[in-house]
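Chains, contacts and geometry: an overview
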Amino acid sequence: MTSLRHKAISPVQQITEALVRLLLWLAAAASIVATLAIVFSVLFEALRFFKIIPVSHFLFGLHWSPQMAMRADQAGSSGSFGVIPLFLGTILITLIAMLVAIPIGLFSAIYMSEYANRSARNILKPALEILAGIPTVVYGYFAIILIAPALHSMGLFLGLDIASESALAAGLVMGVMIIPFVSSLSDDIITAVPRSLRDGSYALGITQSETIKQVVLPAALPGIMGAVLLAISRAIGETMIVVMAAGMSANLTFNPLQSVTTVTVQIVSLLVGDQEFDSPKTLAAFALGLTLFCVTLALNVVALIVVRKYKERYE
């Protein structure tokens, strides 16, 4: 054993190991370089926008109308770039989607991991994961053909003014779309909780439902928080469903029955077609992207703090 341990490594092996280390280092650094490249490219263009439009007008403005005239003598030569209506729409649709996805996804994960037998699990989990493979444009068709008309008809029956394109329709369909992000990841995380925790709870005479609530879910909470965060990020970045089901009107409202738009939809609309990259209208897309990046980063920091708190408590 000692002779094998101290056996000299040949030069070829040394070169091979050095090349492998270099490849691994390059692979690890690639994501960091890509992230920095994306951030700085967006930041550079956003700073050009803020030289034209004040940051205070952008962050606290209540009206979004980025239409800019080509000449100063044309009507509407100065647009409005208040981002609050866009973020209200984004938050509203994301909130509706999470109210659908989190309960259904989490309860499905609990059933599959704790109650379902093997045959039921082998059917239910692939069936739920199929939802993640459906193109978003199909969800958009589903929203405008079935969900939006049904909500409009229900509103007429109940005496409510539900627009043909509403945040409620987009949020409901988006919630169905992101159910697999919550259910599949939560199921894997709950299944990975050590069996000894469950056995210890049962040995104390605690029922299965109480064990799930007081032992399993707290132990799996950091992973479940990660799954929820992934689902929120997916909902914030969705575009097609919002365009088809909620419209593109930047209305300053938190009413789910009205038409709204989101940050990502406006980014797409600003960069579609022949645009001049020196105009505030086009540069506004980069400012929106930078703002959305900062918001997402803040969400990640909050989630990381929560995860660390519960890891210290249950590990």
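Source: prediction; values computed, not measured.

1. Overview of the overall build of the protein chain
Each helix and strand in the protein chain was counted, giving 13 helices and two strands. For a compact globule of 315 residues, the expected C-alpha radius of gyration is about 20 Å, and the protein chain comes in at 25 Å, more than 25% above that figure. Along the first, second and third principal axes, the C-alpha set of the protein chain runs to 90 × 65 × 35 Å. Looking at the protein chain residue by residue over its 315 residues, the buried ones come to 36%. Pairs at least 24 apart in sequence give 71% of the contacts found in the protein chain among residues at least 6 apart. Charged side chains in the protein chain number 18 positive and 17 negative. The centres of these two groups are separated by 11 Å.

2. Overview of the pattern of salt bridges
Within the structure shown, the criterion is met by eight salt bridges. As a salt-bridge pair, glutamate 45 and arginine 48 come within 2.9 Å of each other at their nearest N and O atoms. Taken as a pair, glutamate 45 and arginine 48 lie in helix H2 (residues 11-52) at a separation of three residues, close to a single helical turn. Arginine 48 sits in the partly exposed class, given a relative accessible area of 26%.

3. Some remarks on the packing of aromatic side chains
What the rule picks out here adds up to five aromatic pairs. On the basis of an interplanar angle of 75° and a centroid distance of 5.5 Å, the ring pair of phenylalanine 49 and phenylalanine 81 is categorised as edge-to-face. Here phenylalanine 81 lies in strand S2 (residues 80-81) and phenylalanine 49 lies in helix H2, a separation of 32 residues in the sequence. In this structure an aromatic cluster arises from ring pairing among Phe49, Phe50, Phe58, Trp64 and Phe81.

4. So, the packing of helix H4 (residues 84-115) against helix H7 (residues 167-177)
Look at H4 against H7: their axes get within 7 Å of each other, and the N-to-C directions meet at 45°. Between H4 and H7, the angle falls in the class oblique. The hand of the H4/H7 crossing is right-handed. Within the contact between the two elements, H4 uses Leu92, Ile93, Ile96, Ala97, Val100 and Ala101 and H7 uses Ala167, Leu168, Ala170, Gly171, Leu172, Met174, Gly175 and Val176. Of the residues in the contact of H4 with H7, the class split is 12 nonpolar, two polar and no charged.

5. Describing the confidence of the model for the protein chain
Summing up the model confidence of the protein chain, the mean pLDDT is 84 and the portion of residues at 70 or higher is 91%. For the stretch residues 69-76, pLDDT sits under 50, and the model shows nine contacts to residues farther than four places along the chain or on other chains.

6. Thoughts on the packing of helix H9 (residues 195-203) against helix H10 (residues 208-236)
Viewed as axis vectors pointing N to C, H9 and H10 meet at an angle of 145°, and their least axial separation amounts to 10 Å. When the axes of H9 and H10 are compared, the crossing they make is right-handed. Residues Leu197, Arg198, Ser201 and Tyr202 of H9 lie in contact with H10, whose contacting residues are Gln208, Thr211, Val215, Val216 and Ala219. Across the contact of H9 with H10, the residue classes tally to five nonpolar, three polar and one charged.

The rules behind the values
- Residues numbered from 1 in each chain as written.
- Predicted model: local features only at pLDDT ≥ 70, side-chain atom pairs only at ≥ 80, totals over all residues.
- Heavy atoms only, no water.
- Helix = DSSP H or I, 4+ residues; strand = E, 2+ residues; numbered from the N terminus.
- Rg over C-alpha atoms; globule rule 2.2 N^0.38 Å.
- Buried < 20%, exposed > 50% of the residue type's maximum accessible area, 1.4 Å probe, protein only.
- Contact = heavy atoms within 4.5 Å.
- Lys, Arg positive; Asp, Glu negative; His and termini not counted.
- Charge placed at Lys NZ, Arg CZ, Asp CG, Glu CD.
- Salt bridge = Lys/Arg side-chain N within 4 Å of Asp/Glu carboxyl O.
- Phe/Tyr/Trp six-rings, centres within 6.5 Å; stacked < 30°, edge-to-face > 60°.
- Axes fitted to C-alpha atoms, helices over the stretch in contact; angles between N-to-C directions.
- Parallel < 35°, antiparallel > 145°, perpendicular 65-115°, else oblique.
- Left-handed = near helix turned anticlockwise from the far one by under 90°.
- Nonpolar A, V, L, I, M, F, W, Y, C, P; charged D, E, K, R; others polar.
- pLDDT = per-residue confidence, 0-100.

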